[in-house]
Amino acid sequence: MGERVKWENGFWKKPLAGDETEPGKKEEATETSEDMAESVEIPETTQEVKEAQGKSEEGSVSWLWFAAAGTLIIIVILLLYVVLRRKRKKEKEKRCQDKKAGETTFGTGGNIGTGYFYDVGRQTENVSIVLAGNIHHIGNREEQQDSFTISDFTNPVISREKGCLAVVADGMGGLSEGGKISAMITATMLHRFEKGGCPGDRGIPMELLQSVQEANEKVLQLLKGDTGKSGSTVVAAWIYGSRLHYISVGDSQICLIRRNTLTVLNREHTYGSELDEKAARGEISLQAAQSDPQRQALTSYIGVYPLKKVDRSFHGIPLLPGDKILLMSDGVFGTLPETEILAEAGQDAIAMAEGLQQRILFHGKLEQDNFTAVVLQCE
């Protein structure tokens, strides 16, 4: 008879001596062994592995969805970046084309709109021209070749719908019909302002440019194409929606007076300006630039085609209550230094203009040029 073994703690093993099953309990022992054999179960670790694998697969799917969503978000951001970049590029190209039209160049006012002039704390939406003063004197010349005009800012309808336009033109001395040409320029620009609609704050810069081009075409018609025979400078200011827009050709100036500080907004189109730039680059000496007899010669003026240089603002300059805008021919700033101009700036616009004239006449220059100025007061 073979040796008997029994199931114990998951193993089959031989019974020790004295541990054999009694004969009467043989069947019971057999049944117990069978029951124990039947009670053997598949270890739970296999099921847990399957469950873990299932969870792992679910986690993998979730991770894939998360990765796909993240990729989609990145693609959308990149597309938005590309669209915005293209939009900015188009705007830049448009500004370049706008600059090219009429052979315009940036002056110091090209970047005005931020910094010193953009005082957010005090900026208001209702700044307008409330007073205007002017001087218009022949000086010691035989003929008055300056002209100026101011729109009717006292008319509430015009003021509300279009704002205010002021223009000063200085006919070129020594050339024929300078006075007639300067008067034609101011009349043309005022007529266009009065008869046309207001293009809005963004459209004013282009409207001013077209107005100057129209004036130039009329002058060329008067001169019958004989460019260089005569001409005139021009500087114009358009105040609308509490903002100042300007344009200039030649050496007449437009200045903003704020808090007892005078800032010239435009650039002079003179040979002297070009000489100074050459001196700054080291191409010529400063002494040579300052002593050149042709310093005052104009390099751009109304009466030539195409206009070589046009200086203008591309964005309106925010105005504040108390600001004064000064437009003047070289007969004014060629005689009065900045300190004397500011000495009169504390008065209202009319008194300031009268004070400027008295100071110019007090200087008593034997060759005093025609002098013209327009002072606009903001409140």
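Here the structure is a predicted model, which means the values were calculated and not measured.

## Considerations on the overall build of the protein
Scanning the protein for helices and strands turns up 10 helices and 14 strands. A total of 379 residues make up the protein; the buried ones form 38% of that total. In the protein, the share of contacts with a sequence separation of at least 24, taken over all contacts with a separation of at least 6, comes to 74%. When the accessible area of the protein is evaluated, it comes to approximately 22,100 Å², of which 54% is carbon and sulfur surface.

## Regarding the sheet that holds strand β9 (residues 253–258)
Across the sheet, which stays open at both edges, the five strands sit in the order β4-β14-β13-β9-β10 with antiparallel pairing between neighbours. Only two strands of the sheet have a single neighbouring strand rather than two, namely β4 (129–137) and β10 (261–264). Strand-to-strand twist of the sheet, defined as the mean angle between neighbouring strand axes without regard to direction, takes the value 20 degrees. Summarising the sheet, β4 and strand β14 (residues 371–378) pair through eight bridges and their orientation is antiparallel. The residue of β14 that forms the bridge with His136 is Thr372. This element, helix α10 (residues 349–363), spans β4, β9, β13 (324–328) and β14 of the sheet and lies at about 20 degrees to β4.

## A closer look at the side chain of Asp311
Looking at where Asp311 falls in the secondary structure, it is placed in strand β11 (residues 311–312). No salt bridge is formed by the buried Asp311; the nearest opposite charge belongs to Arg267, separated by 4.7 Å. At 3.4 Å, the side chain of Asp311 and the backbone nitrogen of Arg267 are in polar contact.

## A few points about empty space enclosed by the protein
Tallied over the full model, the rule gives one cavity of 30 Å³ or more. In this structure, the largest cavity spans a volume of roughly 50 Å³. Counting only elements with at least two residues in the lining of the largest cavity, the list comes to α4 (178–195) and α5 (204–223). Across the lining of the largest cavity, the residue classes tally to five nonpolar, one polar and two charged.

## So, the environment of Ala345
Structurally, Ala345 can be placed in the loop between α9 (338–343) and α10. Separated by 84 residues in sequence, Ala345 and Thr261 place their C-alpha atoms 9.3 Å apart. Apart from residues lying up to four places away in sequence, Ala345 is in contact with Ile257, Lys324 and Met352.

## Things to note about unusual backbone geometry
The peptide bond linking Tyr305 to Pro306 adopts the cis configuration, its omega dihedral lying at -10 degrees. Along the chain, Pro306 turns up in the loop between α7 (286–291) and β11. Unusually for a residue other than glycine, Ser242 sits at a positive phi of about 65 degrees. Ser242 gets classed as buried once you look at its relative accessible area, which sits at 1%. Of note, Asn260 is a non-glycine position whose phi angle comes to about 60 degrees, a positive value. Taking relative accessible area as the criterion, Asn260 reaches 57% and is therefore assigned exposed.

## Here we look at the nonpolar core
Within the largest apolar cluster, 26 residues are counted, with the highest numbers of intra-cluster contacts made by Ile185, Met189, Leu208, Val212, Val234, Ile247 and Ile302. Elements with a minimum of two residues in this core: β6 (164–171), α4, α5, β7 (232–240) and β8 (243–249). Looking at this core element by element, the count peaks at seven residues for α5. When residues no more than four places from it in sequence are discounted, the contact partners of Val212 are Met189, Ile247, Val249, Ile302 and Leu307. In terms of nonpolar packing, the next biggest core, distinct from the first, is built from 22 residues, Ala132, Leu256, Ile325 and Leu376 among them.

## Observations regarding helix α6 (residues 271–280)
In an α-helix, one turn spans 3.6 residues, which is why side chains three or four residues apart end up on the same side. Looking only at α6, the buried set comprises Gly272, Ser273, Leu275 and Ala279. Projected onto a plane normal to the axis of α6, the buried residues spread over an arc of 160 degrees and lie on a single side. At the C-terminal side of α6, Gly282 shows a positive phi close to 85 degrees.

## A short note on α5
With 20 residues, α5 ought to run about 28 Å at 1.5 Å a step, and its terminal C-alpha atoms sit 28 Å apart, in line with that. Those residues of α5 that are buried lie in contact with β6, α4, β7, β8 and β11. Phi turns positive one or two residues past the end of α5, at Lys224, with a value near 55 degrees.

## Focus: the pairing of β7
It is a general feature of regular strands that their side chains alternate between the two faces of the sheet. The buried count for β7 comes to eight of nine residues, which makes it a mostly enclosed element. With eight bridges joining them, β6 and β7 adopt antiparallel strand pairing. Directly across from Val167, in β7, lies its bridge partner Ala236. The pairing of β7 with β8 spans seven bridges and is antiparallel. By the bridge assignment for β8, Tyr240 is matched with Arg243. Between the antiparallel neighbours β7 and β8 lie two residues, among them Gly241 with a positive phi of about 60 degrees.

Each value, and the rule that gives it
- Residues numbered from 1 in each chain as written.
- Predicted model: local features only at pLDDT ≥ 70, side-chain atom pairs only at ≥ 80, totals over all residues.
- Heavy atoms only, no water.
- Helix = DSSP H or I, 4+ residues; strand = E, 2+ residues; numbered from the N terminus.
- Buried < 20%, exposed > 50% of the residue type's maximum accessible area, 1.4 Å probe, protein only.
- Contact = heavy atoms within 4.5 Å.
- Areas by Shrake-Rupley, 256 points an atom, 1.4 Å probe, with all protein chains shown as cover.
- Pairing = 2+ DSSP bridges.
- Axes fitted to C-alpha atoms, helices over the stretch in contact; angles between N-to-C directions.
- Lys, Arg positive; Asp, Glu negative; His and termini not counted.
- Salt bridge = Lys/Arg side-chain N within 4 Å of Asp/Glu carboxyl O.
- Polar contact = N/O pair within 3.5 Å; in protein donor to acceptor, adjacent residues only side chain to side chain.
- 1 Å grid on protein atoms, 1.4 Å probe; cavity = no way out; pocket = protein on both sides within 12 Å on 5 of 7 lines; lining within 4 Å.
- Points joined across faces, edges and corners; volume = space filled by probe spheres on them.
- Nonpolar A, V, L, I, M, F, W, Y, C, P; charged D, E, K, R; others polar.
- Core = buried A, V, L, I, M, F, W, Y, C linked by side-chain atoms within 4.5 Å.
- Arc of directions from axis to C-beta.
- Expected span 1.5 Å × (residues − 1).

Shape descriptors only; they carry no functional weight alone.
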